[in-house]
Structures are given as structure tokens and as C-alpha cells.
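# Examining the three-dimensional arrangement
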Amino acid sequence: MSNIWTIFKRELRGYFVTPLAYVFIVIFLFLTGIFTFYMGSFFQRGQADLQSFFSFHPWLYLFLIPAISMRLWAEERKQGTIELLLTLPVSMTQAVIGKFLSAWIFTGIALVLTFPMWITVNYLGNPDNGVIVASYIGSFIMAGAYLAIGTCISAMTKNQVIAFVITVVTCLLFVLAGFPVVLNFFQGWAPEYLVDAISSFSFLTHFSSITKGVIDVRDIIYFVSLIGCWLFASAIIVDMKKGQ
Amino acid sequence: MQKGRLLSWIGLVGAVVLLLAINILSTVTFRQYRLDLTEDKLYTLSDGTRNIINSVEEPIHLTLYYSKGLASGAPSLRSHAQRVQEMLEEFSDRAGDKITLEVVDPAPFSEEEDEAVLNGLQGVPMTQAGDNFFLGLVGRNAIDQVQTIPFFDPQKDQFLEYDVAELVYNLSHPERKVLGVMSSLPFLGNVDAFDVLKSEAEREPPWIMATQLQQLFDVRKVETTATEIDDDIDVLMVIHPKDLSDQTLYAIDQFVLNGGRAMVFIDELSEMDRPPFDENNPYNSLWANRTSDLEPLLSTWGLSMEEEVVASDMKGAMRIPTRDESGRQQVVQYLPWFVSTKDTMNDKDVITAGLESVMVASAGILHKIDNTDLDITPLMTTSEESWRVPMNLVQFGPQPQNILDEFKASGEKFMIAARVSGIAKSAYPDGPPTEEGAEPTEEQMQKHVQKSDKPINVLVVSDSDILADDFWVQKQNMFGRQVIIPMAENFSFVANAAENFSGNSDLISVRSRGGFMRPFERVQELAKNAESKYREQVTELESKLKETEDRISEMQTQKEDAQSLVLSPEQQAEIEKFREERVRIRKELRKVQAELREDIEALNTRLKFINIGLIPLVVALIAVVLGLIRINRRRV
């Protein structure tokens, strides 16, 4: 546990000594604002909720999170610092978890900085704040799932660009699985249970049900098991690559 | 080495299998575990519903007809349908084997579709081919009685639980409910078994409202002289209670305190209360008292009605034909007769939610008494463009012009109908009323209820004309058959109330869960302020514009009158002048309209700046400052 904590602290501090963290946060905040106000017509809808804010999160994460996750392992490997890390008295799993947690908390910080949106809706009307709390929790845990996928893919390669592209594509599959167009494509020929299974593995399905204001154990299990599975895979892959 | 790799691969494959297994298992197992964070607990069954489910004794079979295939193209409909299905599953999960649920997908042109239609479900055309989308419920109890919900309307989402709970309740309590009617007006007509000798002219048929209620309830007459209300009456309807004796009032008081539900229609001026015309004294009928108030019960229920005034409303006022001073026929607004619309009805109460128009005629004005402990929920009000009409302007027949002349908007929303609930006390604290001087007997005192055990349920409406045919239906003769065309939803209002009240208290407690609509109140306020500020300006400009246009057309007709093809130069110049004037006024109007939006647009821009620009800027600044500090430190 204390090993995880040490790695977590070291990594998180690492974010803030480079301009990268600030650039990421600025871009994230700027884009959420633009999406909410212009594409989501937040003001024109006239409804005191944050639907037009949260509905773009899966798409924003799709491109922003791989940008964080791509360097998690690929950079270490490229610069050779991975050897150093592996000589330390920490297990692979601890290293994976520590790095993942620091990236996750970092995205959490970016998410928290969107609080002016929350103040804005409360200023304009009388929103259901319970729904907003649930949505924030949902968004955060979904970000964790994106990161876990990114962690694993970053562990596979030395090249950050390749890690980025593959992560985007993989995450896109998880997003699109719940998209009507994709489901329609399957509906033509695949049996219904398969269609349902595909749609039940989509980020969109689970995230949208949380943003209604209900935190269902099934949605939490989905995201947590997904994170667990990808992290476990990351640990194995880092371990496998160690010998190479 | 090789062995390690193999193990790793097995681990990876195992992880994926485990992931799939966990999720497939959790979808089935953890259906009921969720944390409802919504303010109104939109996704949690209320206690009332749970009690209803627990009290089901004979098995009920529910069939949900849901065209799943057709819904796939519309995600919002799909999620609504999913919510419906999950709600029903929750009902059946909670009830054990007492409620079974079956989900049927009625594909187009299938047997199931025919079945759905046969059971009265409503299909909504979805595709260009005209395939019908179904999302409705058919419930069957052990004795094969059927209740349906023809279509789960996404707009009525907040009543989903109530609708299903009502269906379940009705199926588990199949006996017809008894509706007692105590009326000083001929609501039930005046024909009964003993009236065979009455001539055709003397016979009065029951009001249409009564006939329609008879289809839903076992309607029973209660005399206005009754000294006791039967226990088996579920809902008592009291209509225009005039000159009731203390004994009768006491009976109503005790009926309500003992858990009976009452719907009371009092009136400041009953349009249907027409005293017989007396040849010897023709003014007598004009001066006759047409008021009813049900005191002292009304004040113990926490309400009072203003005396000698009736409510009027400019917004929904009826237009009626009348004659002006010169005897010309014209149609004018008669303000005391108005339609209560969506805006003036409580959309959170199951009685009035979804209603669009209820016609009201010369209603009294209700007030909540200041120090009452009872819950008074207003169900229907006037708009803010209302005025207290003094009795002398309505008593002797409609005087629309006089009322219009004196009208001055009060800015108040007068209460017309209210739901009363809570623990109530008797209006007769000293026991049953008796003959002068006599003491109530011991037996009477023993039966006397001083305070209700459970919350009472009373609906008070300050208008009895709401029930009268004249104000809500049109009767037409078609090939010798009378056809009834409703003009307003007065029947739905009364029937909703009667159905809500005839359910048990659990069902009554299942109210709406608050709407999903949460508007930007601040923006609405801005719009309202701006509008009132500019309205005067706009009316002025508009009348000016009208004047100018009239002048132009007048001049053009003048030309035709003169039979000349050419306008004189003066005329031409004049017209040109007016045209310019019109362009100028139009421009000004547009400017005023633009100004109307100005404040709101300014707010929008400000919020955009804060959310899109300001915070990223602050973060960037912090980054720069921290960076500089770091560089400095390094130099040192």
C-alpha cells in the first residue's frame, strides 16, 4: 500500500512540474465550455440541468485521456527509466496501480475545475443537484475506464503516438457499442442477445443511466470491473515486456 | 521463461472471461441495488406503492406490450421504455408471485399486435411504412377483469408510478366504488321511481356529468336532509349545499373525520340555481340568494371564501353574445366565466396534471386561513389578470360591458379549487348539535369523533357550475341521436378527483414526483421585466403604425372614389410621407424587440465568458506564475 502511495505521489507531482498538466487542463476546460454552450446549446435550452455539459464528456475523454495515458509507460520505456523503476522494491501491480491512480486523480482535478458550470446552473435556476452529483461521479469513474485502457496500451509500446492512436480507436469501440447506428448494423443479422450484450458494453449506455441521477450497482460494477481487467492486463504486459 | 509467458496469456484470457462473467451476472442479479440521488426520488417506489403491492391478495398478471424492434432507432424512447419496464419489474419483484409480468413485442402484422389493439392499446405510427409502436400495459386479475394503460406517454413520465399503482389497486379491489351525491341542484335529475306521474315538462334528466360518473361509480343519492352518511359510501360529493341543517352538516363533519373522502362544490353565485319565477313578485327571483358556503365546516378545513364577490379572469374569459346600448348584437368577453388553463392548474397534483382547460363560471374566491394546521394544496387558480367582481355586477344577469369598464388587474391568483389534507378537528367541539337546550345523549357522545385518526381528504371547489352541462358540453342532435361534444375537460377534473379519492389512502399518497422541467428562472424573470418595460412602447408604436396604414389605404380609396387614375401631386407626397413614417415606425419596433432580448443576451455572453474563457485563463496564469517562481528558484 505504501509503495502505491509513494509512486502515486511522485507521479502526481510529476504532472505539475511540466507545462503539460496545465496545457491539458486549459484545453479540457476550454473545450467543455465550447461544447456545452455552442454545440449543446446550454443557454437556448433554458433547462436548469447539466445535460448539455455531461453529454459531451464521453467524446472529450475519447481524445484527451489517451493524451495523458500515452506517456504513462511508453515514455518510461523509451527513456529507459523503466529499468530504474523495476529495480525499486515495488511489484509490477503496485507500479501499475500507483501510476494509474495519479493519472486518474489528475483528471479528477481537471473535472473539479469545471465547478463554475455548476454554479452557473444554480444561479440561473433550480437544478436537481443530486443528478449533478451523480453525473460528476459517473463522469469521473468513466474517465477511470478510459485511463485503464490507455494504461494497458501504453504498456505495449515504446511509441507514444502509436499508443495514442490505438487507445483512441479502442476507446471509440467502447463508446460506439451503444450508438444507434452501430446497433442497427448488428440488428440486421445478429441475434438479439448479442446486440444487447454489445450495447451493454458501451460507455454511453452506462454513463447515460448514471447521469439520470441513479447510481446503479450494475453500472458501477461495469466500470470497476473494466478498470480492474485492463489494469490487470497492464501489469501482465509490463511483466512480459520486462524480459525483452 | 516459456512457462511464464503461457501463464501470462492464460491470465489475460482469464481476465477477459472474468470481466464478461461478472457483468452478465450482475445485470441479472443486482437489479434492485441502486442509489437514487434525484431530489424527488424519481426512481424509488414510494411507501404508498409498496403498501398497495403488499396488500395484493389474488394474483395479477401484467402484460407489457413494447415494440422493442421499433424503438432501437430512437434512444430517448428506448430509455423511457426501459424505465417503464424496470418500474414494472420492480412491482413484480416486490410482490413475489402475486404480480407476474410478461413482456410482449408486438411486431407489425403479428398476432400479438392484434391482441394489443383488441385490448385497447394505442399504437403510435413510427416508420414511413406506418408500423405502429406500442408501449402499453394490460393487467388481468384472477376473475379476468381487465385494466389497461393504453400508452405510457413520455410526457407523463412523472406519473408513471401512480398510473401503475392505480391499475394494480383497481385490479386487487375489483368492486365498484360508491359515490354518494348530496345536491341542492338537480344534478341527478329529478326523476326517480316515484315520479312516474310527472309530466314530460316537469322531468329533468340527470346532468351529463352525473351520467358519465355512473359509468365509473355506483352513484347513490344522499338527501340534503340526511343526518347520517352511510359507511359504505367511498366518496361523498356535496354540491351547492344550501341551507343544510346543523344535523346534516354534523353528519358530513363526522363522515370526513372517520376517513370518508369528500368533494365539495360550493358557490358564491350558482348560475344553475334558478329560483322559480313568481308572477306576483317578479323581482323576488332576481334577489334570491344563490350562495352556498358549508360553514362551519369550511373554516375547520382551513379555508374561507370571500363574500359578495366572484372571481374574474381576463386571460381565459369566455366570449358571449350580448346587445350594446343601441341594441346591436355583439360578442364580448364576459370575465366571470373563464377557462382555467394549464398555466393556472397545479401540474404536480394527479387531479389536475395534464388538464388543459376547465371551464369555470362565477366562482368564489378561496383563501387559506392563516393559522390552520391542515395542508392546503391549490389545484386551480385564476391567472394574475384577475379582478374581484362585486356581486351587483353579476347578480342580475351578465353585464359584460360594465365589468370590462371597471376591470383592473389585481395581480393576484385567486384560488378556485384546493385539496385539503392533514389531521382535522371537528367543527362541533361540543358534540352533536341538538334541539335548543337539550344535551346530546351519552350514546351520541360516545360515537362523536373529535379529531381524525388519519389525515382527512377533502376537495373544495368554489364553483358548482363546473358540473353543469351548459359550461362544458355541446349537445348536438345527429339523426335523432344526441351526441355530446365536450368543450372543456370539466369531467376529467371531477373524475380524476373521484378516482383519486376512491382509492385507498396509499394510492392518494402516491403523488407526482415533480416535473422534469426546471426552467432558467432568472432568464424568465429578466424576460418578464423587459417585456413589461417595453410593452407600453410597443403598443404605442403598433397603434401608430396602424394609424399610418389606415391613412395610406384611406387615401388610396379616395383616389378610386374620384374615378381618376392619377393621384394629385399633393396626395402622392402625402402617401410618400406616410410610407416613410411606416418604415420609421417598423424600424423602431424592431429596435424595441431587439432591446427586449438584450439583457438576456448580455447574461448569456457573460456566462460564456466566465465558463469558456475565465477559468482556463486563471489556470494558465497560475501555471505561468508557478513556472516563473521555479525558474527564479533555480537561478538562486
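Look up: the structure comes first, before these words.
## Considering the sheet that holds strand 13 (residues 317-323) of chain B
Residues and elements named next belong to chain B.
- Spatially, three strands are ordered 13-14-15 in an open sheet, and the strand pairing comes out antiparallel. The open sheet has two free edges, formed respectively by strand 13 and strand 15 (357-361), since each of these has just one partner strand. Within this sheet the neighbouring strands show an average axis-to-axis angle of 45°, counted without direction.
- Sheet analysis places strand 13 next to strand 14 (residues 329-341), joined by seven bridges and oriented antiparallel. Within strand 14, the residue paired with Arg323 across the bridge is Gln329.

## Observations regarding unusual backbone geometry
All names here are of chain B.
- A cis amide bond links Glu295 to the next residue, Pro296, at an omega of 5°.
- If you trace the backbone, Pro296 turns up in the loop between helix 9 (282-287) and helix 10 (297-300).
- Despite not being glycine, Phe109 has its phi angle at roughly 60°, a positive value.
- Here Phe109 is to be found in the loop between strand 3 (99-104) and helix 5 (111-118).
- A positive phi angle, near 45°, is found at His240, a position not held by glycine.
- If you trace the backbone, His240 turns up in the loop between strand 9 (235-239) and helix 8 (246-257).

## Describing the layout of surface pockets
Residue and element names in this part refer to chain B.
- Approximately 1,100 Å³ is the volume found for the second largest pocket.
- Along the wall of the second largest pocket there are 42 residues; nearest its centre are Gln147, Asp163, Glu166, Asn170 and Glu499.
- Put simply, the parts of the chain that give the lining of the second largest pocket at least two residues each are strand 6 (146-149), helix 6 (160-172), helix 7 (208-216) and helix 13 (490-502).
- Here the lining of the second largest pocket is composed, by residue class, of 18 nonpolar, 14 polar and ten charged.

## Details of the interface of chain B and chain A
- Between chain B and chain A, the contact holds 53 residues from the first and 56 residues from the second.
- Of the roughly 5,000 Å² buried between chain B and chain A on both sides combined, carbon and sulfur atoms contribute 65%.
- Of all residues in chain B, the largest losses of buried area upon contact with chain A belong to Arg518, Phe520 and Ile612 of chain B, amounting jointly to 15% of the total for that side.
- Between the two partners, chain B and chain A, sit one salt bridge.
- Across the pair Arg218 of chain A and Glu86 of chain B runs a salt bridge, and its minimum N-O distance is 3.7 Å.
- Remark: the boundary between chain B and chain A carries nine residue pairs in polar contact (both at pLDDT 80 or more).
- Mapped onto the side of chain B that touches chain A, the elements with two or more residues apiece are helix 1 (2-29), strand 1 (34-36), helix 4 (75-95), helix 15 (521-561) and helix 16 (569-635) of chain B.
- Looking at the side of chain B that touches chain A, the element that brings in the most residues is helix 16 of chain B, giving 15 residues.
- Its residues assigned to classes, the side of chain B that touches chain A shows 28 nonpolar, ten polar and 15 charged.

## Digging into a nonpolar patch on the surface
Residues and elements named next belong to chain B.
- A surface patch of nonpolar side chains, about 620 Å² in accessible area, is lined by Phe609, Ile610, Leu614, Val618, Ile622, Val625, Leu626 and Ile629.
- Its location among the elements puts Leu626 in helix 16.
- The class of Leu626 is partly exposed, set by a relative accessible area of 35%.

## Focus: the packing of helix 7 (residues 92-112) of chain A against helix 14 (residues 217-242) of chain A
Residue and element names in this part refer to chain A.
- Between helix 7 and helix 14, the shortest axis-to-axis distance is 9 Å and the interhelical angle comes to 130°. Between helix 7 and helix 14, the interaxial angle falls into the category oblique. Two packed elements cross with a definite hand, and for helix 7 against helix 14 that hand is right-handed. On the side of helix 7, the interface is formed by Met92, Thr93, Val96, Phe100 and Trp104, while helix 14 contributes Ile227, Leu231, Ser234, Ala235, Val238 and Asp239.
- Looking at the contact of helix 7 with helix 14 residue by residue, the class counts come to eight nonpolar, two polar and one charged.

## Describing the nonpolar core
- With 88 residues, the main nonpolar core has Trp73, Tyr146 and Phe203 of chain A as its most contacted residues.
- At 14 residues, the largest contribution of residues to this core is made by helix 9 (residues 129-156) of chain A.
- Other than its neighbours up to four places away in sequence, Tyr146 of chain A contacts Pro58, Tyr61, Leu62, Ile65, Cys171, Val175 and Phe203 of chain A.
- The next biggest cluster of nonpolar side chains, apart from the first, holds 65 residues, and it includes Met263, Ile351, Val389 and Phe471 of chain B.

## Structural notes on the packing of aromatic side chains
- This structure, assessed with the given rule, holds 33 aromatic pairs over all chains.
- Consider the rings of Tyr250 of chain B and Tyr428 of chain B, whose centres lie 5.5 Å apart with planes at 85°: the pair is edge-to-face. Of the two residues, Tyr250 of chain B sits in helix 8 while Tyr428 of chain B sits in the loop between strand 19 (415-422) and helix 12 (442-447), which places them 178 residues apart along the sequence.
- Directly above the ring of Trp73 of chain A sits Lys99 of chain A, whose terminal nitrogen or CZ lies 5.1 Å from the centroid.
- For the cation-ring pair, Arg522 of chain B lies above Tyr123 of chain A, with the distance from its terminal atom to the ring centre recorded as 4.0 Å.

## Quick word on the environment of Ala48 of chain A
- Here Ala48 of chain A lies in the loop between helix 3 (42-45) and helix 4 (51-54).
- Along the chain, Ala48 of chain A and Asp128 of chain A lie 80 residues apart, while their C-alpha atoms are 8.0 Å from each other.
- Not counting residues up to four positions away in its chain, the partners in contact with Ala48 of chain A are Val121, Gly125, Asn126, Pro127 and Asp128 of chain A together with Arg518, Pro519 and Phe520 of chain B.

## What about empty space enclosed by the protein?
- Following the criterion strictly, the structure yields three cavities of 30 Å³ or more and no others.
- Taken together, Leu29, Thr32, Gly33, Phe53, Leu113, Thr114, Pro116 and Met117 of chain A together with Asn611 and Ile615 of chain B form the lining of the largest cavity.
- For the lining of the largest cavity, the secondary-structure elements that each account for two or more residues are helix 2 (19-39) and helix 8 (115-124) of chain A together with helix 16 of chain B.
- Among the elements that make up the lining of the largest cavity, the one with the highest residue count is helix 2 of chain A (three residues).

## A closer look at the side chain of Asp349 of chain B
- Along the chain, Asp349 of chain B falls in the loop between strand 14 and strand 15.
- Of the polar contacts made by the side chain of Asp349 of chain B, one reaches the backbone nitrogen of Ile351 of chain B; its length is 3.0 Å.

## Structural notes on the pattern of salt bridges
Residue and element names in this part refer to chain B.
- One pass over the full model with this rule turns up 19 salt bridges over all chains.
- The salt bridge partner of Lys342 is Glu356, with a shortest N-O separation of 3.6 Å. Residue Lys342 is located in the loop between strand 14 and strand 15, and its partner Glu356 is located in the loop between strand 14 and strand 15; the two are separated by 14 residues in the primary sequence.
- Notably, a salt bridge pairs Asp349 with Arg419, separated by 2.8 Å at the nearest N-O pair. Placement of the pair is Asp349 in the loop between strand 14 and strand 15 and Arg419 in strand 19, with a sequence separation of 70 residues.
- For Asp349, a relative accessible area of 2% puts it in the buried group.
- Note on Arg419: relative accessible area 1%, which makes it buried.

## A look at the state of the cysteines
All names here are of chain A.
- Applying the stated criterion to the full structure yields zero disulfides over all chains.
- No disulfide involves Cys152; its sulfur sits 8.4 Å from the nearest other cysteine sulfur, which is in Cys229.
- Under the relative-accessibility criterion, Cys152 is labelled buried at 1%.

## Let's talk about the pairing of strand 9 of chain B
Residues and elements named next belong to chain B.
- The element strand 9 is largely enclosed, with a buried count of five among its five residues.
- Of the two faces of strand 9, the one holding Val235, Met237 and Ile239 and the one holding Leu236 and Val238 are both buried throughout.
- In the sheet, strand 7 (residues 178-183) pairs with strand 9 via five bridges, with the strands oriented parallel. Within strand 9, the position partnered with Met182 by the bridge is Val238.
- Inspection of the sheet shows strand 9 paired to strand 10 (residues 261-265) by five bridges, in the parallel sense. Residue pairing in the sheet places Met237 in a bridge with Met263 of strand 10.

So, how was this worked out
Residues numbered from 1 in each chain as written. Chains lettered and ligands numbered in written order. Predicted model: local features only at pLDDT ≥ 70, side-chain atom pairs only at ≥ 80, totals over all residues. Heavy atoms only, no water. Pairing = 2+ DSSP bridges. Helix = DSSP H or I, 4+ residues; strand = E, 2+ residues; numbered from the N terminus. Axes fitted to C-alpha atoms, helices over the stretch in contact; angles between N-to-C directions. 1 Å grid on protein atoms, 1.4 Å probe; cavity = no way out; pocket = protein on both sides within 12 Å on 5 of 7 lines; lining within 4 Å. Points joined across faces, edges and corners; volume = space filled by probe spheres on them. Nonpolar A, V, L, I, M, F, W, Y, C, P; charged D, E, K, R; others polar. Contact = heavy atoms within 4.5 Å. Buried area = accessible area lost by both parts, 1.4 Å probe. Salt bridge = Lys/Arg side-chain N within 4 Å of Asp/Glu carboxyl O. Polar contact = N/O pair within 3.5 Å; in protein donor to acceptor, adjacent residues only side chain to side chain. Patch = residues over 30% accessible without salt bridge, like charges linked within 9 Å, V, L, I, M, F, W, Y side chains within 5 Å. Areas by Shrake-Rupley, 256 points an atom, 1.4 Å probe, with all protein chains shown as cover. Buried < 20%, exposed > 50% of the residue type's maximum accessible area, 1.4 Å probe, protein only. Parallel < 35°, antiparallel > 145°, perpendicular 65-115°, else oblique. Left-handed = near helix turned anticlockwise from the far one by under 90°. Core = buried A, V, L, I, M, F, W, Y, C linked by side-chain atoms within 4.5 Å. Phe/Tyr/Trp six-rings, centres within 6.5 Å; stacked < 30°, edge-to-face > 60°. Lys NZ or Arg CZ within 6 Å of the ring centre and 35° of its normal. Disulfide = S-S within 2.5 Å.

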